[in-house]
Amino acid sequence: MDFALTEEQQAIFDMAQAFGQENIAPHSRQWEKDGTIPKSLWPQLAELGFGGLYVSEEYGGSGLSRLDATLVFEALAMADPAVGSFLSIHNMCGGMIDKFGSEETKQKWLPSLCSMEKIFSYCLTEPGSGSDAAALKTRAERSNDGYVLNGTKAFISGGSYSDAYVVMCRTGEDGPKGISTVVVEDGNPGLSFGALEDKMGWKAQPTSQVQFDDCAIPADNLIGEEGKGFSYAMAGLDGGRLNISAGALGGAQAALDQTVQYMSERKAFGKSINKFQALQFRLAEYETRLQAARTFLRQAAWKLDNGAHDATKFCAMAKLMVTDTAFDVANGCLQLHGGYGYLADYGVEKIVRDLRVHQILEGTNEIMRLIVARQLIAE
């Protein structure tokens, strides 16, 4: 059993980390104040192959594995979890189109997605259906030319910012079998957005409701087959859960690295605080928990890449374990900074705020427990 990264995987991690430290970290606080990420950043990431991480190379993607992708998102989150997580959402859309779209669909959307000429957002959640995603009410009625959409999506990262929206909508009966997936482009008549949400964290990501009011789209904006959209969305969430876990891990690792440095410089009672055994024990605990989380995350990614029968369960367990661990570690690092940890200048408080939502989205950690328990009972 080999736990080492390959040379190529290490190079991917190093490239993403270097890019993040040079091009994202210095601007992180300003982008948070602005409430947006400059669109000029995305083509730079696309040049590194990060626009279509698991899209086939023939459409401009990188064709990487899910394990490879977790390395990218962990490394980028060391610079800013909010930026790396937004890229994860864009890539989740690319993965869905590449896996389930027809040849014509792939040719239509994937080249501009991979180049990040167009930014994609993922629209599943609604005001009345969060964890109960199959209860969504946004409806797409067939028309002579395609579909007409009516409904509202909530908590959409990139709402009013992105260029295209991958939308799960109801084309048939109640329940999961009546759901399909379509693409709606920005500027489409009948597409509008709510006010930007004022959030605890992830403030650099514009987030809003996405609204459809007799929004007409052509028939070839359908992804895959009618009635299969819910299964497409759930398949995308396995990988999304790995990515959101990797982002939490990278943010917590950055907090710990900063804390080790801070404790070597901060003095109390005549010596640096890293000389106090009680505080050394805290560092040892945090390092152990992060390394354990990293190993488990990569095992789950390996299972998904290899089509293991229990991959969904492991993705859920990884999301539960890693995001809880990462938040606890980041919060503990703030405590080790004392009063300085509460100040924005030191950066730790932003990490704590950003990582809190990782325990909620891509399925709450309560839902992760439900998935794991149900599979255990079924087995």
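Residues numbered from 1 in each chain as written. Predicted model: local features only at pLDDT ≥ 70, side-chain atom pairs only at ≥ 80, totals over all residues. Heavy atoms only, no water.

K.L.:
Give a detailed account of the nonpolar core, specifying residues and quantitative values.
P.N.:
In terms of nonpolar packing, the biggest core is built from 65 residues, with Leu41 and Trp42 touching the most fellow members. Looking at this core, the element that brings in the most residues is helix H9 (residues 311–336), giving 11 residues. Sequence-distant contacts of Trp42, that is, excluding residues within four places in its chain, are made with Ile37, Val83, Phe86, Leu87, Met116, Ile119 and Tyr161. With 27 residues, the next largest nonpolar core counts Tyr59, Leu110, Leu124 and Met168 among its residues. (Core = buried A, V, L, I, M, F, W, Y, C linked by side-chain atoms within 4.5 Å. Buried < 20%, exposed > 50% of the residue type's maximum accessible area, 1.4 Å probe, protein only. Helix = DSSP H or I, 4+ residues; strand = E, 2+ residues; numbered from the N terminus. Contact = heavy atoms within 4.5 Å.)

K.L.:
For H9, give the residues involved together with the corresponding values.
P.N.:
Over its 26 residues, H9 extends 37 Å from the first C-alpha to the last, a length consistent with the 38 Å expected when each residue adds 1.5 Å. In terms of residue burial, H9 counts as a mostly covered element, since 19 of its 26 residues are buried. Gly338 sits one or two positions beyond H9 and adopts a positive phi of about 65°. (Expected span 1.5 Å × (residues − 1).)

K.L.:
Please give an account of the packing of aromatic side chains that cites residues and values.
P.N.:
Tallying each qualifying case throughout the model produces 10 aromatic pairs. Summarising the aromatic geometry, the rings of Phe296 and Phe314 are spaced 5.8 Å apart at their centres and angled 40° between planes, so their arrangement reads as tilted. Residue Phe296 is located in helix H8 (residues 277–305), and its partner Phe314 is located in helix H9; the two are separated by 18 residues in the primary sequence. For Phe314, a relative accessible area of 13% puts it in the buried group. The structure contains a cluster of three or more aromatic residues connected by ring pairs, namely Trp42, Phe86 and Tyr161. Directly above the ring of Phe276 sits Lys271, whose terminal nitrogen or CZ lies 4.7 Å from the centroid. The lysine or arginine in question, Arg356, covers the ring of Phe327, its NZ or CZ lying 5.8 Å from the ring centre. (Phe/Tyr/Trp six-rings, centres within 6.5 Å; stacked < 30°, edge-to-face > 60°. Lys NZ or Arg CZ within 6 Å of the ring centre and 35° of its normal.)

K.L.:
Go over the pattern of salt bridges with me, naming the residues and quoting the values.
P.N.:
By the definition in use, this model includes 20 salt bridges. Among the ionic pairs, Lys153 bridges to Glu126, the shortest N-O distance being 2.9 Å. One end of the pair, Lys153, is in strand S3 (residues 146–157); the other, Glu126, is in the loop between strand S1 (120–123) and strand S2 (139–142), and 27 residues separate them in sequence. Overall, Lys153 belongs to the buried group, its relative accessible area being 0%. Using a relative accessible area of 6% as the deciding quantity, one classes Glu126 as buried. Ionic pairing is found between Arg353 and Glu349, a salt bridge with its closest N-O pair at 2.8 Å. Here Glu349 and Arg353 lie together in helix H10 (residues 348–356), a separation of four residues that amounts to about one turn. On the basis of relative accessible area, Arg353 is assigned to the buried category, the value being 17%. Overlapping salt bridges bring together Glu32, Glu349 and Arg353 as one network. (Salt bridge = Lys/Arg side-chain N within 4 Å of Asp/Glu carboxyl O.)

K.L.:
A description of a nonpolar patch on the surface should follow, citing residues and the corresponding values.
P.N.:
A cluster of nonpolar side chains, contributed by Tyr340, Leu343 and Tyr346, occupies part of the molecular surface with about 260 Å² of accessible area. Among the structural elements, Leu343 can be located in the loop between H9 and H10. A relative accessible area of 40% places Leu343 in the partly exposed class. (Patch = residues over 30% accessible without salt bridge, like charges linked within 9 Å, V, L, I, M, F, W, Y side chains within 5 Å. Areas by Shrake-Rupley, 256 points an atom, 1.4 Å probe, with all protein chains shown as cover.)

K.L.:
Account for the packing of helix H7 (residues 229–265) against H10, with residues named and values stated.
P.N.:
Axis angle and axis distance: for two packed helices, these are the angle between their axes and the distance between the axes, and together they describe the pair. Two elements in contact, H7 and H10, have axes whose closest approach is 10 Å; the angle formed by their N-to-C orientations is 160°. It follows from the interaxial angle that H7 and H10 lie roughly antiparallel. The two elements H7 and H10 meet at a crossing, and its hand is left-handed. Here Gly247, Ala248, Gly251, Ala252, Ala254, Ala255 and Gln258 of H7 lie close against H10, whose contacting residues are Val348, Ile351 and Leu355. Of the residues in the contact of H7 with H10, the class split is seven nonpolar, three polar and no charged. (Axes fitted to C-alpha atoms, helices over the stretch in contact; angles between N-to-C directions. Parallel < 35°, antiparallel > 145°, perpendicular 65-115°, else oblique. Left-handed = near helix turned anticlockwise from the far one by under 90°. Nonpolar A, V, L, I, M, F, W, Y, C, P; charged D, E, K, R; others polar.)

K.L.:
An account of the layout of surface pockets is requested, with residue identities and associated values reported.
P.N.:
In this structure, the largest pocket encloses a volume near 1200 Å³. Taken together, 40 residues line the largest pocket, and the ones lying closest to its centre are Thr125, Ile360, Leu361, Glu362 and Gly363. Broken down by secondary-structure element, the contributors of at least two residues to the lining of the largest pocket are helix H5 (81–100), S3, H7, H10 and helix H11 (365–378). Its residues assigned to classes, the lining of the largest pocket comprises 20 nonpolar, 11 polar and nine charged. Within this model, the second largest pocket holds a volume of roughly 420 Å³. The wall of the second largest pocket is formed by 15 residues, among which Asp2, Phe3, Thr295, Arg298 and Gln299 lie closest to the centre. Class assignment of the residues belonging to the lining of the second largest pocket gives a composition of six nonpolar, five polar and four charged. (1 Å grid on protein atoms, 1.4 Å probe; cavity = no way out; pocket = protein on both sides within 12 Å on 5 of 7 lines; lining within 4 Å. Points joined across faces, edges and corners; volume = space filled by probe spheres on them.)

K.L.:
Now, about the packing of helix H4 (residues 66–77) against H7: what can you tell me, with residues and values included?
P.N.:
Direction vectors running N to C along H4 and H7 enclose 35°, while the axes themselves pass 7 Å from each other. In terms of crossing hand, the pair formed by H4 and H7 is right-handed. Together, Arg66, Ala69, Thr70, Phe73, Glu74 and Ala77 of H4 and Gly239, Leu242, Asn243, Ala246, Gly247, Leu249, Gly250 and Gly251 of H7 make up the contact between the two elements. Partitioning the contact of H4 with H7 into residue classes produces six nonpolar, six polar and two charged.

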